[in-house]
Amino acid sequence: MGSRQLHSQISCMRENLFKQGFLDEQFMQLEELQDDANPNFVEEVVTLFFKDSARLILNIEQALNNNPQDFNKLDNFMHQFKGSSSSIGAKKVKNECTQFKEYCRIGNGEGCIRTFQQVKKEHAALRKKLESYFQLVRQAGPMQTASRPR
């Protein structure tokens, strides 16, 4: 595949991540921080997010299994998760984290468990999509500067 085709495919894939609601403006702001001195900045930040969020997922799973559930502790873990998600522009994950925090606020353990399944589902879907995206980006080499999706 030629470089022009590859960049076009990357552009379409990126645009779809926004259209489908996986990413928001924050991701574009990360892209604006990427330059020739640090051409893999966004991928590195996203990789750190997935590494950190894997730890948080384990912590939340353990806390959800406690009886009784400590909603303050759950809320604190999810607050960290939501903050990390927001920092990379993970829109769907962040929205599910917000819902989880609301269930913590009202002390609804079943709601927390249900929503946490959704958090993990959105997290896994985003991870898969971004892994494919960054694989193409690496294959294409240096890309033009970030542009806003239409």
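Keep in mind it's a predicted model, so treat the numbers as computed, not measured.

## Considering the pattern of salt bridges
Any two side chains of opposite charge can pair, given that their charged atoms come close.
Move 1: Following the criterion strictly, the structure yields nine salt bridges and no others.
Move 2: Residue Arg138 pairs with Glu43 through a salt bridge whose shortest N-O separation is 2.2 Å. On the criterion of sequence distance, the pair formed by Arg138 in helix H6 (residues 109-140) and Glu43 in helix H3 (residues 41-65) is long-range, its members being 95 residues apart.
Move 3: Of the residues examined, Arg138 reaches a relative accessible area of 48% and is grouped as partly exposed.
Move 4: Judged by relative accessible area, Glu43 falls into the buried class, the value being 18%.

## Examining the UniProt feature "modified residue: Phosphohistidine" (unreviewed entry) in the chain
Move 1: UniProt's entry tags His79 with the feature "modified residue: Phosphohistidine" (unreviewed entry), counted in the numbering of this structure.
Move 2: Mapped onto the secondary structure, His79 falls in helix H4 (residues 71-88).

## Let's talk about the state of the cysteines
Move 1: Considering all chains together, one arrives at zero disulfides under this definition.
Move 2: Free cysteine: Cys97, not disulfide-bonded; nearest cysteine sulfur from Cys104 at 11 Å.

## Focus on the environment of Glu122
Move 1: By secondary structure assignment, the location of Glu122 is in helix H6.
Move 2: As for Glu122 and Val93, which are separated by 29 residues in sequence, their C-alpha atoms are 5.6 Å apart.
Move 3: For Glu122, the contacting residues outside a window of four places in its chain are Phe22, Lys92, Val93 and Glu96.

## Description of the packing of helix H2 (residues 25-33) against H3
Move 1: With their axes 8 Å apart at the nearest point, H2 and H3 run at an angle of 130° to one another. One way to sum up the angle between H2 and H3 is to call them oblique. Contacts between H2 and H3 involve Phe27, Leu30, Glu31 and Leu33 on the former and, on the latter, Phe41, Val42, Val45 and Val46.
Move 2: The residue inventory of the contact of H2 with H3, partitioned by class, reads seven nonpolar, no polar and one charged.

What counts and how
- Residues numbered from 1 in each chain as written.
- Predicted model: local features only at pLDDT ≥ 70, side-chain atom pairs only at ≥ 80, totals over all residues.
- Heavy atoms only, no water.
- Salt bridge = Lys/Arg side-chain N within 4 Å of Asp/Glu carboxyl O.
- Helix = DSSP H or I, 4+ residues; strand = E, 2+ residues; numbered from the N terminus.
- Buried < 20%, exposed > 50% of the residue type's maximum accessible area, 1.4 Å probe, protein only.
- UniProt positions renumbered as here; feature names shortened; annotations may be inferred.
- Disulfide = S-S within 2.5 Å.
- Contact = heavy atoms within 4.5 Å.
- Axes fitted to C-alpha atoms, helices over the stretch in contact; angles between N-to-C directions.
- Parallel < 35°, antiparallel > 145°, perpendicular 65-115°, else oblique.
- Nonpolar A, V, L, I, M, F, W, Y, C, P; charged D, E, K, R; others polar.

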